[in-house]
Amino acid sequence: MEITRRDGLAMLAGLAVTGCQTANVGTATATTSTAAAGPLGSRSTPSGFVSLQSLAAAKGMRFGSCFAWGEPGADRGSFANPAYADLLRRECGLLVGENEMKWQSIRPGPTSFDFRRFDAMMAWADANALPVRGHNLLWHQPKWMPRWEEAYDFGARPAREAERLLVEHVTTVCQRYGTRIRSYDVVNEAVNPADGSLYQTALSRALGGPEPTIDLAFRTAKVAAPHAQLVYNDYMSWEPGNANHRAGVLKLLEGFRTRGVPVDALGVQSHIVTQGVDAQGAVRALEGDWRRFLDTVTAMGFALVITELDVRDNGLPGDVVARDTAVAAYTRGYLDVMLDYPSVRDIVAWGMTDRYSWIEGFEPRADGARRRPCPYDDRFAAKPMRDAIASALSAAPARR
Ligand code: G3I
């Protein structure tokens, strides 16, 4: 893993603080919990502030977040939103485009690409020395492919046309960004959580099935981006009810190894869901099966990437203090397990503030209280979840 100048400086800062934190956790907690508290757009960083990236870098890891495109000043999680841009620069050492590299964003038609938004995001990231992960080269579900794909006429030789279409897409994206992107979610969420089977799309029906389609995406990415970490990304999680999903992912990963498909890591999205107010009790109940799953994955030689961390505050009262406390404890418990795995080097949050989280639109709380899934609240003030991430990073074993 190359250490950039930015990381080197961050590591020095982090090491200095880690020493302090080892000496006096109380002060460290105070230090980290003063992080970026303040109203929207506050550009000041309190003295003594230690970023999540600095804490991660001190252990050979990176902390980051997704980010979005937006019109200048738009009130969304965009680089063009000064308050959000400040937060990304202050806390992150890695970014990932939330939507703008997806087929639905860059493929208006079968013979066209539109990279304008993602190019603008990459330019901003480059200007701020922030590396970017690529998400994703194929979200293999009908509803997440462009409308034209499901209606596409693959002609007299459908398998050849489907291969051409997929190879052209993966190659075009990878060659456009070259070594600026060093990790790709090559395939996203191809496993049906209900029964562990693989989704079909018009593309895979034409090409001869989901496995050859998924394999071709990885083999093409390996040729087009030989420098990059190639990741299979999915949201199988540790909460009850995910056994079929985990089993389906394990079967897919075993198949990659059997067929010699170049896959380097499993992206563990980590959209975790609280199980009530007893966070520690939930962690104890969930940890065993989850470690068995992670042990099986890593025993096959796959690294792990935390790709989309956020917390759905289910089974918790509306009271903000009680909810934030339980979310923080659950986050800490989850990360303590995940960071026990030395191959975890990148931890990416799916957004830095509650204000722009996808969850509010996806699954609003029954009591109508706004979701609180991210490290910062909707006024850009740090929350206990942010301190929980900081503490987990500080407690994590250093990566060699
Ligand atoms: O950009 C268009 C806009 O022009 C249009 O007016 C508007 C209304 O139709 O839609 C906008 O696109 C939306 C896009 O988010 C940007 O806001 C899409 O409809 C909407 O489906 C899309 O939702 C995203 C979702 O993935 C589906 O792509 C969420 O923001 C994003 O957080 C979510 O992220 C996924 C990961 O990619 C994979 N893992 C799960 C995670 C959460 O679902």
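Because the structure is a prediction, the values reported are computed rather than measured.

### Things to note about the overall build of the protein
Part 1 of the reasoning: A count of helices and strands for the protein gives 15 helices and nine strands.
Part 2 of the reasoning: Contacts spanning at least 24 positions in sequence make up 79% of the contacts within the protein whose residues lie at least 6 apart.
Part 3 of the reasoning: Accessible area for the protein stands at about 15400 Å²; split by element, carbon and sulfur atoms hold 55% of it.

### Section: the pattern of salt bridges
Part 1 of the reasoning: What the rule picks out here adds up to 27 salt bridges.
Part 2 of the reasoning: The salt bridge involving Lys 383 is made with Asp 354; its shortest N-O contact spans 2.9 Å. Residue Lys 383 is located in the loop between helix 14 (359-362) and helix 15 (384-395), and its partner Asp 354 is located in the loop between strand 9 (346-349) and helix 14; the two are separated by 29 residues in the primary sequence. Each member of the pair Lys 383 and Asp 354 is classed as buried.
Part 3 of the reasoning: Each of Arg 312, Asp 313, Arg 323, Glu 363, Arg 365, Asp 367 and Arg 371 takes part in one network of salt bridges that share partners.

### Brief notes about helix 10 (residues 210-224)
Part 1 of the reasoning: With 15 residues, helix 10 extends 21 Å from end C-alpha to end C-alpha; this agrees with the ideal 21 Å at 1.5 Å per step.
Part 2 of the reasoning: Listing the buried residues of helix 10 in full gives Pro 210, Thr 213, Ile 214, Asp 215, Leu 216, Ala 217, Phe 218, Thr 220, Ala 221 and Ala 224.
Part 3 of the reasoning: Structurally, helix 10 contributes buried residues whose contacts are with helix 8 (158-177), strand 4 (181-188), helix 9 (202-207), strand 5 (229-234) and helix 11 (243-259).

### Describing the pairing of strand 6 (residues 265-268)
Part 1 of the reasoning: Across the two faces of strand 6 the burial is the same, with Ala 265 and Gly 267 and Leu 266 and Val 268 all buried.
Part 2 of the reasoning: Taken together, the four bridges between strand 5 and strand 6 define a ladder with parallel strand orientation. Bridge pairing links Tyr 232 to Leu 266 in strand 6.
Part 3 of the reasoning: Remark: the strand 5/helix 11/strand 6 crossover connection has right-handed handedness.
Part 4 of the reasoning: By the bridge criterion, four bridges tie strand 6 to strand 8 (residues 303-312) in an arrangement that is parallel. Bridge assignment links Leu 266 to a residue of strand 8, and that residue is Leu 304.

### Remarks on the packing of aromatic side chains
Part 1 of the reasoning: Scanning the model with the defined rule gives 19 aromatic pairs in all.
Part 2 of the reasoning: With a centroid separation of 6.4 Å and 85 degrees between ring planes, the pair formed by Tyr 84 and Phe 380 is classed as edge-to-face. With a gap of 296 residues between them, Tyr 84 in helix 4 (residues 82-91) and Phe 380 in the loop between helix 14 and helix 15 connect regions that are remote in the sequence. Residues Tyr 84 and Phe 380 agree in their burial class; the two are buried.
Part 3 of the reasoning: For the ring pair Trp 290 and Tyr 334, a centre distance of 6.3 Å and an interplane angle of 35 degrees mean the geometry is tilted. Here Trp 290 is found in helix 12 (residues 279-299), whereas its partner Tyr 334 is found in helix 13 (residues 320-338), with 44 residues between them in sequence. As far as burial versus exposure is concerned, Trp 290 and Tyr 334 are alike and both buried.

### Details of the site of the ligand
Part 1 of the reasoning: By nearness alone, 15 residues border the ligand, and Glu 98, Lys 102, His 135, Glu 189 and Glu 308 come closest of all.
Part 2 of the reasoning: Within the side chain of Asn 99, a nitrogen or oxygen atom sits 3.0 Å from an oxygen atom of the ligand.
Part 3 of the reasoning: At a separation of 3.0 Å, an oxygen atom of the ligand approaches a polar side-chain atom of Trp 350.
Part 4 of the reasoning: Compared with its free state, where it exposes 790 Å², the ligand has 53% of that area covered by protein.

### Observations concerning the environment of Asn 314
Part 1 of the reasoning: In this fold, Asn 314 is placed in the loop between strand 8 and helix 13.
Part 2 of the reasoning: Taking C-alpha positions, Asn 314 is 9.4 Å from Val 327, a pair spaced 13 residues apart along the chain.
Part 3 of the reasoning: When neighbours within four sequence positions are excluded, Asn 314 is seen to be in contact with Val 273, Thr 274, Gln 275, Gly 276, Glu 363 and Arg 371.

### Details of the packing of helix 8 against helix 10
Part 1 of the reasoning: Two elements in contact, helix 8 and helix 10, have axes whose closest approach is 9 Å; the angle formed by their N-to-C orientations is 35 degrees. Seen along the crossing, helix 8 lies across helix 10 with a hand that is right-handed. Counting all contacts with helix 8, which are made through Glu 163, Leu 166, Val 167, Val 170, Thr 171 and Cys 174, the residues of helix 10 involved are Thr 213, Leu 216, Ala 217, Thr 220, Ala 221 and Ala 224.
Part 2 of the reasoning: The residue inventory of the contact of helix 8 with helix 10, partitioned by class, reads eight nonpolar, three polar and one charged.

### Things to note about the confidence of the model for the protein
Part 1 of the reasoning: This prediction gives the protein a mean pLDDT of 91; 88% of its residues lie at or above 70.
Part 2 of the reasoning: Confidence over residues 12-39 falls short of pLDDT 50; this stretch has 39 contacts with residues more than four positions distant or in other chains.

### Some points on the nonpolar core
Part 1 of the reasoning: Formed by 110 residues in total, the largest nonpolar core has its most connected members in Tyr 184, Phe 218, Tyr 232, Phe 256 and Leu 266.
Part 2 of the reasoning: Ranked by the residues each element gives to this core, the list is headed by helix 12, at eight residues.
Part 3 of the reasoning: Each residue touching Tyr 232, except ones within four places of it in the same chain, is listed here: Val 187, Glu 189, Ala 190, Val 191, Phe 218, Val 249, Leu 252, Phe 256, Val 263, Ala 265, Leu 266 and Gly 267.

### Remarks on unusual backbone geometry
Part 1 of the reasoning: Cis rather than trans, the peptide bond between His 135 and Asn 136 has omega equal to -5 degrees.
Part 2 of the reasoning: Mapped onto the elements, Asn 136 comes out in the loop between strand 3 (132-135) and helix 7 (147-150).
Part 3 of the reasoning: Of note, Glu 189 is a non-glycine position whose phi angle comes to about 45 degrees, a positive value.
Part 4 of the reasoning: Within the secondary structure, Glu 189 sits in the loop between strand 4 and helix 9.
Part 5 of the reasoning: Backbone geometry at Ser 270 places phi at a positive 70 degrees, although glycine is not the residue there.
Part 6 of the reasoning: Following the sequence through the fold, Ser 270 ends up in the loop between strand 6 and strand 7 (271-273).

About the criteria used
- Residues numbered from 1 in each chain as written.
- Predicted model: local features only at pLDDT ≥ 70, side-chain atom pairs only at ≥ 80, totals over all residues.
- Heavy atoms only, no water.
- Helix = DSSP H or I, 4+ residues; strand = E, 2+ residues; numbered from the N terminus.
- Contact = heavy atoms within 4.5 Å.
- Areas by Shrake-Rupley, 256 points an atom, 1.4 Å probe, with all protein chains shown as cover.
- Salt bridge = Lys/Arg side-chain N within 4 Å of Asp/Glu carboxyl O.
- Buried < 20%, exposed > 50% of the residue type's maximum accessible area, 1.4 Å probe, protein only.
- Expected span 1.5 Å × (residues − 1).
- Pairing = 2+ DSSP bridges.
- Right-handed = clockwise from strand over helix to strand, strands pointing away.
- Phe/Tyr/Trp six-rings, centres within 6.5 Å; stacked < 30°, edge-to-face > 60°.
- Near = heavy atom within 4 Å.
- Polar contact = N/O pair within 3.5 Å; in protein donor to acceptor, adjacent residues only side chain to side chain.
- Axes fitted to C-alpha atoms, helices over the stretch in contact; angles between N-to-C directions.
- Left-handed = near helix turned anticlockwise from the far one by under 90°.
- Nonpolar A, V, L, I, M, F, W, Y, C, P; charged D, E, K, R; others polar.
- pLDDT = per-residue confidence, 0-100.
- Core = buried A, V, L, I, M, F, W, Y, C linked by side-chain atoms within 4.5 Å.

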